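A look at the structure
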Amino acid sequence: MTCSVARSIEWGTVSSTSTASAIDPIAEAAPLSLCAREPHVPADRLVAEMVPPPRFDSVRFATYIPDPNQPSQTEAVGILEGFAAGLGGAHALGAPKRRLFGRGKAPKTPAGPRGVYLDGGYGVGKTHLLASLWHATPAEPSLKAFGTFVELTNLVGALGFQQTVQTLSGHRLLCIDEFELDDPGDTVLVSTLLGKLVDAGVALAATSNTLPGKLGEGRFAAADFLREIQGLSARFRPLRIDGEDYRHRGLPEAPAPFSEEQVTKAAYATDGASLDDFPHLLAHLARVHPSRYGALTDGLKAVCLTDVQPVPDQSTALRLVVLADRLYDREVPVLASGMPFDQLFSEEMLNGGYRKKYFRAISRLTALARDAKGLVENH
């Protein structure tokens, strides 16, 4: 089995009982299998890939179409355009890269928030606006970083805290998509990291479905870490964006799941498609660090899944959320048999502290399922 992947990736193989291997009459024609991939991603790739994902390569403020019934959307564009323009010229502190670790004291940053925080529901275009801000900021790509909250914490895990601060401290802008605080360790880590970056003159921008002062609620004893949470909140100017999920605005309902035979046939007929049994894929995700889920999908043109079932527990559900985000970023259609995606998560999960993550995953997987409909119709 061969596949096209980034040249910096090293691949390991694992045994798999996936659907692809179980119905492999002609090895050369068999689809790829996510369960047979175990990518090893070097740390330098994690840094180099801190740019807007492929889905947002070409987005700009001019391509954002505000809902005329939601004036906050038009207002957000104007504020962010001004914010980007204000990041031109020299680094905020006039300091070279790695200045934070040089001799002498760094000058103090200006008083007040050094960032913007886009708060709103699912599908109102927050990531579109965040990526547009990244593109509009007048600085070389190497001086701007864009990544999800999970990717940022994974970067700290790969490089170490001090090296992460040193690597990012000369940047003009750090964009953090899907900002979440899932545990006390993340709260202290991110509060300290962003504090050092702001002190070094780095501007911040973030998106989330949770106001900065409410981060962590429902996930852990947020009151015990109130100081850190309040410190994070003080670094951002909240910018509310109202609206309905554009992924469902004026679009047809998501297609119902297809039969296993239809999914399998489409996988074999689609160049660059993967084919996996959903329960086995969930088990495989537990063996691959979430920082590698992007690399796991390298080279894929479609993901085909059979026997989709409700996820069994919260740890599995959170891993699936990360995979859904990476597939959505890369615009990889998802064709599935079994249960529809809106039945993946239990009522208890959808009413719990991670409900916003789960609703985002449902929204994104539904959009990708709609994209995959033609795989069956064309074969």
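Residues numbered from 1 in each chain as written. Predicted model: local features only at pLDDT ≥ 70, side-chain atom pairs only at ≥ 80, totals over all residues. Heavy atoms only, no water.

**Some details on the overall build of the chain**
Looking only at helices and strands, the chain features 14 helices and 10 strands. With 379 residues in all, the chain has 52% of them scored as buried. Put simply, of all contacts in the chain between residues at least 6 apart along the chain, 87% involve residues at least 24 apart. Carbon and sulfur atoms form 52% of the exposed surface of the chain, whose accessible area is close to 16700 Å². (Helix = DSSP H or I, 4+ residues; strand = E, 2+ residues; numbered from the N terminus. Buried < 20%, exposed > 50% of the residue type's maximum accessible area, 1.4 Å probe, protein only. Contact = heavy atoms within 4.5 Å. Areas by Shrake-Rupley, 256 points an atom, 1.4 Å probe, with all protein chains shown as cover.)

**Comments concerning the packing of aromatic side chains**
Applying the stated criterion across every chain yields a total of five aromatic pairs. With a centroid separation of 5.0 Å and 50 degrees between ring planes, the pair formed by Phe149 and Phe179 is classed as tilted. Taken together, the positions of Phe149 in helix H5 (residues 149–159) and Phe179 in the loop between strand S5 (173–177) and helix H7 (184–199) put the pair 30 residues apart, joining distant regions of the chain. Comparing Phe149 with Phe179 shows no difference in burial state: the two are buried. Aromatic side chains Phe179 and Phe236 sit 6.2 Å apart centroid to centroid with 75 degrees between the ring planes, which places their arrangement in the edge-to-face category. You can see Phe179 sitting in the loop between S5 and H7 and its partner Phe236 sitting in the loop between helix H8 (226–234) and strand S7 (237–241), a full 57 residues away along the chain. When sorted by exposure, Phe179 lands in the same class as Phe236, which is buried. Three or more aromatic residues joined by ring pairs make a cluster, and in this case those are Tyr117, Phe149, Phe179 and Phe236. Cation over ring: Arg55 sits above Tyr328, and NZ or CZ is 3.8 Å from the ring centre. Just above the ring of Trp134 sits the side chain of Lys144; from NZ or CZ to the centre is 4.2 Å. (Phe/Tyr/Trp six-rings, centres within 6.5 Å; stacked < 30°, edge-to-face > 60°. Lys NZ or Arg CZ within 6 Å of the ring centre and 35° of its normal.)

**Description of the sheet that holds strand S6 (residues 203–208)**
Either a parallel or an antiparallel arrangement is found when strands of a sheet pair, and the pairing is made through backbone hydrogen bonds. Taken together, five strands build an open sheet; the order of strands is S4-S5-S6-S3-S7 and the sheet is parallel. Edge positions in the sheet fall to strand S4 (144–148) and S7, since each of these pairs with one other strand and no more. Strand-to-strand twist in this sheet, taken as the mean axis angle between neighbours without regard to direction, amounts to 15 degrees. Here five bridges tie strand S3 (residues 115–120) to S7, and the two strands are oriented parallel to one another. Within S7, the position partnered with Val116 by the bridge is Arg237. (Pairing = 2+ DSSP bridges. Axes fitted to C-alpha atoms, helices over the stretch in contact; angles between N-to-C directions.)

**A look at the layout of surface pockets**
Reported here for the largest pocket is a volume of approximately 590 Å³. The wall of the largest pocket is formed by 32 residues, among which Arg45, Glu49, Glu151, Gly294 and Arg330 lie closest to the centre. Of all the secondary structure elements, the ones that give two or more residues to the lining of the largest pocket are helix H2 (43–48), S4, H5, helix H11 (293–296) and helix H12 (314–329). The element that contributes the greatest number of residues to the lining of the largest pocket is H5, accounting for four residues. (1 Å grid on protein atoms, 1.4 Å probe; cavity = no way out; pocket = protein on both sides within 12 Å on 5 of 7 lines; lining within 4 Å. Points joined across faces, edges and corners; volume = space filled by probe spheres on them.)

**Notes on the side chain of Thr207**
For Thr207, the location among the structural elements is in strand S6. Here Asp177 takes part through its side chain, which lies 2.4 Å from a polar atom of the side chain of Thr207. Non-local contacts of Thr207, meaning those with residues more than four positions away in its chain, are made with Leu118, Lys126, Thr127, Leu130, Ile176, Asp177, Glu178 and Phe179. (Polar contact = N/O pair within 3.5 Å; in protein donor to acceptor, adjacent residues only side chain to side chain.)

**Some words on empty space enclosed by the protein**
Enumeration over the complete set of coordinates arrives at two cavities of 30 Å³ or more. Considered as a void within the structure, the largest cavity measures approximately 80 Å³ in volume. Every residue along the wall of the largest cavity is listed here: Leu34, Phe278, Leu281, Val303, Leu305, Leu320, Leu323, Ala324, Leu327, Val334, Phe341 and Leu365. Elements with a contribution of two residues or more to the lining of the largest cavity: helix H10 (278–285), strand S9 (302–308) and H12.

**Quick notes on unusual backbone geometry**
In the Ramachandran plot, Asp307 falls in the positive-phi region, its phi being about 60 degrees despite a non-glycine side chain. Within the secondary structure layout, Asp307 lies in strand S9. Asp307 sits in the partly exposed class, given a relative accessible area of 32%. At Glu331, a residue that is not glycine, the phi angle is positive and equals roughly 55 degrees. Looking at where Glu331 falls in the secondary structure, it is placed in the loop between H12 and strand S10 (334–338). Given a relative accessible area of 44%, Glu331 falls into the partly exposed group.

**Focus on H12**
A rise of 1.5 Å per residue sets the reference length of H12, with its 16 residues, at 22 Å; its end C-alpha atoms lie 23 Å apart and thus fit the reference within 8%. Among the 16 residues in H12, 12 count as buried, and that is most of the element. Every buried residue belonging to H12 is among Thr316, Ala317, Leu320, Val321, Val322, Leu323, Ala324, Asp325, Arg326, Leu327, Tyr328 and Asp329, and all of these are buried. One side-chain oxygen at the N-terminal end of H12 lies 3.2 Å from the backbone nitrogen of Ser315; it belongs to Asp313. Within two residues after H12, Glu331 carries a phi angle of roughly 55 degrees, on the positive side. (Expected span 1.5 Å × (residues − 1).)

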